[in-house]
Amino acid sequence: MGEILALLTGFFFSSSNLMARQGMKKLERNSGLLVTLLVNNAMNVIALVFLTVLALMPRFNLWGLFYFGLAGVFTSFAGRFFLFASIERIGASRAGLFKISAPMFTIFLGIIILGEQLTHLDLLGSAIVLAGLYLLSASGDFGKTIAPPVGIVSFAEAKEKPFALNTGVIYGILSGLALSIGHIFRKLGLFYISSPIVGVSIGSFVSLLCVTGYLLHKHGKLSSVTEVVSQTFCFDKTCRGFFWGGFLNTFAQYLFFSALLYTSVSIANILISTEALFNLLLVALFFRSDEPLTPRLVILSLIVMAGVALIML
């Protein structure tokens, strides 16, 4: 059950990334991050009302609230912040591949903090995944692929400034690290409050506070934040990318928390890394003209996913 939920999580996270990719054509990524979190919190409020009406609201625990809050800082805020920064520079499919580094971090953190065990296949699969990520980062695909502008950094500009592409890789890996730390805190929180909806709600609310504080610090005025809030309710096709990205991301988080109730955090995080494969498939089906896929990228993606499969065995 937990494995199936984790795979579905990967699909919904991938769909959310691609919607964010479209949203970056019209909205700056930090503003887009706020939009997605506003959508997250709006959906969470509705879900919490249903829990209350149905008398399913669990008893709160201070440690559970604390761990869920920390999970929100590392996942919905830091993890998504770095992920959007990576998507800006290297596209959704490549950013998803570097985000796949999260299971590697989670395995080691799971051993240290949660006492989870690694088999020989786990070690072999981890080595293959890391090798695939290294080959992908060292490939010439980034410099050869030219796509329309994405966010603040276009591929044409990146060709003249290669460091922009390198930072896209770094941001992708930082996203994986932040998410893995957050996933550990999510698992710890579920030990005290076994409710996915409560866990997602607390994490999303803390993340919203973090992003709002960041935007106020960056722009120095409240009007910049209220302007973004107004864009949350935009349903026109030119600005709805982040709105639907937040919608899909909320479902992905519910599914992931549910998966953690039935399986270990290491296995769940490895399986949601199939998000990278879903990214490739969805880009090929719907957004190929925006972000071309090269044979090398596809082959290296399959190598990375082969490593993930070994870890699952």
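Here is what the cut-offs are and how they apply
Residues numbered from 1 in each chain as written. Predicted model: local features only at pLDDT ≥ 70, side-chain atom pairs only at ≥ 80, totals over all residues. Heavy atoms only, no water. Helix = DSSP H or I, 4+ residues; strand = E, 2+ residues; numbered from the N terminus. Buried < 20%, exposed > 50% of the residue type's maximum accessible area, 1.4 Å probe, protein only. Contact = heavy atoms within 4.5 Å. Areas by Shrake-Rupley, 256 points an atom, 1.4 Å probe, with all protein chains shown as cover. pLDDT = per-residue confidence, 0-100. Core = buried A, V, L, I, M, F, W, Y, C linked by side-chain atoms within 4.5 Å. Axes fitted to C-alpha atoms, helices over the stretch in contact; angles between N-to-C directions. Parallel < 35°, antiparallel > 145°, perpendicular 65-115°, else oblique. Left-handed = near helix turned anticlockwise from the far one by under 90°. Nonpolar A, V, L, I, M, F, W, Y, C, P; charged D, E, K, R; others polar. Polar contact = N/O pair within 3.5 Å; in protein donor to acceptor, adjacent residues only side chain to side chain. Phe/Tyr/Trp six-rings, centres within 6.5 Å; stacked < 30°, edge-to-face > 60°.

## Some points on the overall build of the protein chain
- Broken down by element type, the protein chain carries 15 helices and 0 strands.
- Counting across all 313 residues of the protein chain, residues that qualify as buried make up 55%.
- By sequence separation, contacts in the protein chain at least 24 residues apart represent 90% of the contacts at least 6 residues apart.
- About 13,500 Å² of surface is accessible on the protein chain, with carbon and sulfur atoms providing 72% of the total.

## Quick word on unusual backbone geometry
- Phi at Ala55 is positive, roughly 60°, even though this residue is not glycine.
- One can find Ala55 in the loop between α2 (29-53) and α3 (62-90).

## Details of the confidence of the model for the protein chain
- Residues of the protein chain with pLDDT of at least 70 account for 73%, and the chain-wide mean is 76.
- When mean pLDDT is taken per element in the protein chain, helix α10 (residues 196-219) scores highest with 87 and helix α7 (residues 141-144) scores lowest with 43.
- Note that residues 140-155 has pLDDT below 50 and, in this model, 44 contacts with residues that lie over four places away or in other chains.
- Overall, residues 157-164 carries pLDDT values under 50, and its contacts beyond four positions in sequence, including any with other chains, amount to 8 contacts.

## Some points on the nonpolar core
- Residues Phe68 and Leu260 are the most contacted members of the largest nonpolar core, which totals 27 residues.
- Looking at this core, the elements that each hand over two or more residues are α1 (2-23), α2, α3, α9 (162-192), α10, α12 (241-260) and α13 (265-272).
- Setting aside its immediate chain neighbours within four residues, Leu260 contacts His183, Arg186, Lys187, Leu190, Val265 and Ala268.
- Leu37, Leu83, Leu208 and Leu215 belong to the second-largest nonpolar core, a separate cluster that totals 18 residues.

## Observations concerning the packing of α3 against α12
- At a closest axis distance of 14 Å, the pairing of α3 and α12 adopts a crossing angle of 135°. Between α3 and α12, the angle falls in the class oblique. Seen along the crossing, α3 lies across α12 with a hand that is right-handed. Facing Phe68, Ser76, Arg80 and Phe84 of α3, the residues of α12 in contact are Phe242, Asn249, Gln253 and Phe257.
- Residue classes in the contact of α3 with α12 are distributed as 4 nonpolar, 3 polar and 1 charged.

## Some remarks on helix α5 (residues 102-114)
- Those residues of α5 not exposed but buried are Ala102, Pro103, Met104, Thr106, Ile107 and Gly110.
- Just downstream of α5 lies Gly115, where phi reads positive at about 75°.

## Here we look at the environment of Leu123
- With respect to the helices and strands, Leu123 occurs in helix α6 (residues 120-138).
- Taking C-alpha positions, Leu123 is 9.7 Å from Met104, a pair spaced 19 residues apart along the chain.

## Notes on the side chain of Asn41
- Within the element layout of this structure, Asn41 appears in helix α2.
- A polar side-chain atom of Asn41 sits 3.3 Å from the main-chain amide nitrogen of Phe205.
- The contact partners of Asn41, leaving out residues within four places of it in the chain, are Ser201, Ser204, Phe205 and Leu208.

## Points about the environment of Tyr254
- Position of Tyr254 among the secondary structure elements: in helix α12.
- Exposure remark for Tyr254: the relative accessible area of 14% places this residue in the buried category.
- Placed 249 residues apart in sequence, Tyr254 and Leu5 show a C-alpha to C-alpha distance of 9.5 Å.
- If near-sequence neighbours (up to four positions away) are discounted, Tyr254 is found in contact with Met43, Asn44, Ala47, Pro196, Ile197 and Val200.

## Focus: the packing of aromatic side chains
- Under the definition given, this model contains 15 aromatic pairs.
- Aromatic pair Phe77 and Phe81: ring centres 6.4 Å apart, planes at 45°, arrangement tilted. Taken as a pair, Phe77 and Phe81 lie in helix α3 at a separation of 4 residues, close to a single helical turn. Like Phe77, the residue Phe81 is buried in the burial classification.
- Ring centres of Trp244 and Phe247 lie 5.6 Å apart, and the angle between their planes is 80°; this geometry places the pair in the edge-to-face category.

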